[in-house]
Amino acid sequence: MGAGAKLLTKGEANKAVETLFSHYGKVKYYLDFDGPLQLMVAAILSAQTRDETVNKITPALFAKYKSAKDFSKATESDLIRYIKSVSYAGNKALNIIAACKELVSQYGGNVPDDMDSLVALPGIGRKTANTILINGFGKVEGIPVDTWVMKLSYRIGISLAKSPEAVERDLMEKLDRKHWPKVAYLLKMHGKELCGKKPLCEKCPIARICPKNGV
Ligand code: SF4
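Residues numbered from 1 in each chain as written. Predicted model: local features only at pLDDT ≥ 70, side-chain atom pairs only at ≥ 80, totals over all residues. Heavy atoms only, no water.

A.B. asks: Help me get a handle on the overall build of the protein, residues and values and all.
C.D. replies: Counting its regular elements, the protein contains 11 helices and zero strands. When the backbone C-alpha atoms are referred to their principal axes, the protein occupies close to 55 × 30 × 30 Å. Here the contacts in the protein between residues at least 6 apart in sequence split such that 60% fall between residues at least 24 apart. For the protein, the accessible surface area stands at approximately 10,800 Å², while carbon and sulfur atoms represent 52% of it. (Helix = DSSP H or I, 4+ residues; strand = E, 2+ residues; numbered from the N terminus. Contact = heavy atoms within 4.5 Å. Areas by Shrake-Rupley, 256 points an atom, 1.4 Å probe, with all protein chains shown as cover.)

A.B. asks: Give a detailed account of the site of the ligand, specifying residues and quantitative values.
C.D. replies: Around the ligand, the surrounding shell consists of Ile156, His190, Leu194, Cys195, Pro199, Cys201, Cys204, Ile206, Ala207, Cys210, Lys212 and Val215. Looking at the shell around the ligand residue by residue, the classes come out as 10 nonpolar, one polar and one charged. (Near = heavy atom within 4 Å. Nonpolar A, V, L, I, M, F, W, Y, C, P; charged D, E, K, R; others polar.)

A.B. asks: Describe the domain arrangement of the protein, listing the residues and the values that go with them.
C.D. replies: The domain architecture assigned to the protein consists of domain 1 (10-28 + 143-203) and domain 2 (36-137). Inter-centroid distance (C-alpha atoms) of domain 1 to domain 2 is 26 Å. Contact with domain 1, which involves 10 residues of that partner, is made by eight residues of domain 2. Carbon and sulfur atoms supply 45% of the area that domain 1 and domain 2 bury against each other, a total of about 650 Å² over both sides. Looking only at domain 1, the three residues that lose the most surface to domain 2 are Pro144, Glu168 and Tyr185, adding up to 48% of its buried area. Across the salt bridge formed by Arg126 and Glu168, the nearest N and O atoms sit 2.7 Å from each other. Remark: the boundary between domain 1 and domain 2 carries five residue pairs in polar contact (both at pLDDT 80 or more). Looking at the side of domain 1 that touches domain 2 element by element, the count peaks at five residues for helix H11 (residues 180-193). (Domains from an automatic or database assignment. Buried area = accessible area lost by both parts, 1.4 Å probe. Salt bridge = Lys/Arg side-chain N within 4 Å of Asp/Glu carboxyl O. Polar contact = N/O pair within 3.5 Å; in protein donor to acceptor, adjacent residues only side chain to side chain.)

A.B. asks: Please set out the packing of aromatic side chains residue by residue, giving values where relevant.
C.D. replies: Enumeration over the complete set of coordinates arrives at six aromatic pairs. Three or more aromatic residues link up through ring pairs in this structure, and these residues are Tyr29, Tyr30, Phe33 and Tyr185. Lying over the aromatic face of Trp148, Lys151 brings its terminal NZ or CZ to 5.4 Å of the ring centre. Over the ring of Tyr30 we find Lys188; its NZ or CZ atom is 3.8 Å from the centre of that ring. (Phe/Tyr/Trp six-rings, centres within 6.5 Å; stacked < 30°, edge-to-face > 60°. Lys NZ or Arg CZ within 6 Å of the ring centre and 35° of its normal.)

A.B. asks: Hey, could you go over the side chain of His179 for me, with residue numbers and the actual values?
C.D. replies: Topologically, His179 is positioned in the loop between helix H10 (164-174) and H11. Its relative accessible area of 6% is what places His179 among the buried residues. For His179, the contacting residues outside a window of four places in its chain are Asn14, Val17, Glu18 and Phe21. (Buried < 20%, exposed > 50% of the residue type's maximum accessible area, 1.4 Å probe, protein only.)

A.B. asks: Explain the environment of Met115 to me, using residue names and the numbers behind them.
C.D. replies: Examined against the element boundaries, Met115 turns out to sit in helix H7 (residues 115-119). Between the C-alpha atom of Met115 and that of Asn130, which follows or precedes it by 15 residues, the distance is 7.4 Å. Excluding residues that lie within four positions of it along the chain, Met115 makes contacts with Arg126, Ala129, Asn130, Leu133 and Glu141.

A.B. asks: Explain the pattern of salt bridges to me, and be specific about the residues and the numbers.
C.D. replies: Counted according to the given criterion, the structure contains six salt bridges. Between Asp51 and Lys188 there is a salt bridge, with the nearest N and O atoms lying 2.9 Å from each other. Of this pair, Asp51 sits in helix H3 (residues 51-64) while Lys188 sits in helix H11, placing them 137 residues apart in sequence. Accessibility assignment for this pair places Asp51 and Lys188 in one class, buried.

Encoded structure:
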């Protein structure tokens, strides 16, 4: 816990999130996809890469590789031709190929729809698994936690934890379940619009309840 950092109560945390949802209106997942397989591949590609970069390259990639079997037969250099603009393209290519080989051998070419099976796939951690479950299957078991979610949860006083797993536990404990599917995208949007490197607290709709930890 940071020195002097304050936590909101459950009521205040839900109020803060609801105020931000009203302020931003429609909040949605930011990667383009059609179906769980494309979502899985796009989510793997998106680690430490801008969403716009991923959305730019996936149409050509998905036009060429239409099934897990197609991806499973590709080589690293085949995929790199399409994904070279993302960071760690080589590792991501290898993870996509390895994950798709497992989809073919264990799941009939389909993406599994449970947390344990997803996190056992190469290149997929709990954040990506939550993303796939929520956006691909409408199943809400947790909250995807990325660096935006960690940073803003701390500032707003919803979680002062330092690991993604602990932040996710705090968010699930504090926030009503109805907020779980979209709160990660809400916090990212808020980070981009008002609560970035230099937070614009004077324009922020939750300035009165936010403890502004670390700001
Ligand atoms: S902009 Fe300021 S008031 Fe708003 S959430 Fe960020 S730190 Fe809190």
